[in-house]
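Take a look at the letters that make up each chain.
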Amino acid sequence: MESRSDWPPDWTGRSAIPISVDEAFNGYVAAQIVFALDRLGLFEELLEHGQADVRAAAVRLGADQRMLGELLRAAQTCGYVVLRDDVAAITPAGRDMAFMRGYFTWAVGGYADLFGNIAGLISGGRRFNSDVFRDEAMVALGAGQNDRAFMAETVDEVVGQLDFTAIADLGSGVSARLCRMAAARGVRGVGLDISDAATRLAEDAIRRAGLDGNVRALQADVLGVVKGTENYPVLAEVDAVMSFFLLHDLLAAPDTRSRVMPGLREAFPKARTFVLADTMLRPAQPADATLPVFSAGYELAHALMGVPLHTKDTYEALFAQAGLRTRQVLAFGTPHSWLYVLDAD
Ligand SMILES: C[S@@+](CC[C@H](N)C(=O)[O-])C[C@H]1O[C@@H](n2cnc3c(N)ncnc32)[C@H](O)[C@@H]1O
């Protein structure tokens, strides 16, 4: 049974409920500003040099200097930079936002279309995956940014203790974790992701890291692999499997839910260890609870996409039913996300 005493302090959050008019409106604007600063590469520059010259940045980006200046003035209004003589210096709050920017890549970049069409989806005038889409590449990119910022250390420590020669990453996104592991340990890796755009980003990353021989990015539907309708010979060699923030998608359909974990074991017959992490359904909160980052958006987005979320207890029951024994369970960065190291019987 999940206990609040196991939660890191930031999982309870600092956002007071009710969220006031001012906070809701300004939070929306701030989220767009953070996303824009990241897409323009300004966060990278601000983090690296502490400051950015508006004119030089405009020339480098081939951007409109007036609009760029206005964006940075808006960022100053939010407290993320201080502007002096057209040079923007990043503030401590700006550094916090840059550190957490993956959440905004996820929300603004990945789900703007979905959140902008809630009324249409509910009234039936619009349909998800027919005329309303999520941007898979942005979702993968946001997850990758968060991984680098505050999850990589945990993953590398956990996986560093495991013995394996070939590892698969299911829903591998931009394959950042696989590249890191292959580079550090000389192991082979295969990433499976359904998204064409994410797979292309992964192929670029693999090539840039000089890991072409060791790491492969496959565009594949893991659900097809689990059901046995998609087969890839390379998977037979895999002796460890990891998957981060994908399981809820695989478990979405009630009729196939109980087959997912046994199907995974069949698809990877040599795998003795599974490292699986996901964001789970928050336990019921007291009325005076504060709200953390991410959870409310994650829950609403998945409800609108028709993907049910599951409690920690449900995940543990599904693992046990598939003969997977929990060796380790850790709170994993993003609120209500848990990482399991599971041994196959
Ligand atoms: C939230 S992202 C996580 C990416 C990466 N695992 C990470 O933690 O950085 C989920 C990823 O799963 C992929 N995905 C969703 N459904 C999938 C499926 N059925 N088969 C393979 N990949 C899938 C998405 O394209 C996306 O890249």
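Residues numbered from 1 in each chain as written. Predicted model: local features only at pLDDT ≥ 70, side-chain atom pairs only at ≥ 80, totals over all residues. Heavy atoms only, no water.

Undergrad: Go over the pattern of salt bridges, please, and point to the residues and values.
TA: Going through the model one piece at a time under the given rule, you end up with 16 salt bridges. Between D204 and R207 there is a salt bridge, with its nearest N and O atoms 3.2 Å apart. Here the residue D204 and the residue R207 both occupy positions in helix α10 (residues 196-208), the gap between them amounting to three residues, near one helical turn. Because the salt bridges share partners, they merge into one network encompassing D147, D156, R177 and R180. (Salt bridge = Lys/Arg side-chain N within 4 Å of Asp/Glu carboxyl O. Helix = DSSP H or I, 4+ residues; strand = E, 2+ residues; numbered from the N terminus.)

Undergrad: Go over the site of the ligand, please, and point to the residues and values.
TA: Taken together, 18 residues are adjacent to the ligand, and G171, R177, D193, D221 and V222 come closest. A distance of 3.3 Å is found between an oxygen atom of the ligand and a side-chain nitrogen or oxygen belonging to E136. For the ligand, whose accessible area on its own is 600 Å², the fraction buried by protein is 92%. Here the shell around the ligand gets five residues from one element, more than from any other, and that element is helix α8 (residues 136-160). Taken together, the residues of the shell around the ligand sort by class into nine nonpolar, four polar and five charged. (Near = heavy atom within 4 Å. Polar contact = N/O pair within 3.5 Å; in protein donor to acceptor, adjacent residues only side chain to side chain. Areas by Shrake-Rupley, 256 points an atom, 1.4 Å probe, with all protein chains shown as cover. Nonpolar A, V, L, I, M, F, W, Y, C, P; charged D, E, K, R; others polar.)

Undergrad: Any chance you could break down a nonpolar patch on the surface for me, citing the residues and the numbers?
TA: A surface patch of nonpolar side chains, amounting to about 340 Å² of accessible area, comprises F25, Y28 and V29. Look at F25 and you get exposed, because its relative accessible area is 57%. (Patch = residues over 30% accessible without salt bridge, like charges linked within 9 Å, V, L, I, M, F, W, Y side chains within 5 Å. Buried < 20%, exposed > 50% of the residue type's maximum accessible area, 1.4 Å probe, protein only.)

Undergrad: Just give me the short version of the packing of helix α1 (residues 21-39) against helix α4 (residues 65-77), but keep the residues and values in it.
TA: In the contact formed by α1 and α4, the axes pass within 10 Å of each other and the chain directions differ by 130°. Viewed along their axes, α1 and α4 adopt a mutual orientation that is oblique. Our pair here, α1 against α4, has a crossing hand that is left-handed. Between α1, through I33, A36 and L37, and α4, the contact on the second element is made entirely by L71, L72, A74 and A75. Class assignment for the residues of the contact of α1 with α4 results in seven nonpolar, no polar and no charged. (Axes fitted to C-alpha atoms, helices over the stretch in contact; angles between N-to-C directions. Parallel < 35°, antiparallel > 145°, perpendicular 65-115°, else oblique. Left-handed = near helix turned anticlockwise from the far one by under 90°. Contact = heavy atoms within 4.5 Å.)

Undergrad: How would you summarise the sheet that holds strand β5 (residues 188-193) if you had to cite specific residues and measurements?
TA: Spatial ordering of the open sheet is given by β6-β5-β4-β7-β8-β10-β9, a layout of seven strands whose pairing is mixed. The open sheet has two edge strands with one neighbour each: β6 (215-219) and β9 (324-331). On average, each strand axis in the sheet is tilted by 20° relative to the strand beside it, whichever way the strands run. Strand direction decides the pairing type here: β5 and β6, joined by five bridges, are parallel. Paired with D193 across the bridge in β6 is Q219. Contacting β8 (273-279), β9 and β10 (337-344), helix α15 (residues 312-321) runs over the sheet at an angle of about 15° to β10. (Pairing = 2+ DSSP bridges.)

As far as function goes, none of this settles anything; it's purely spatial.
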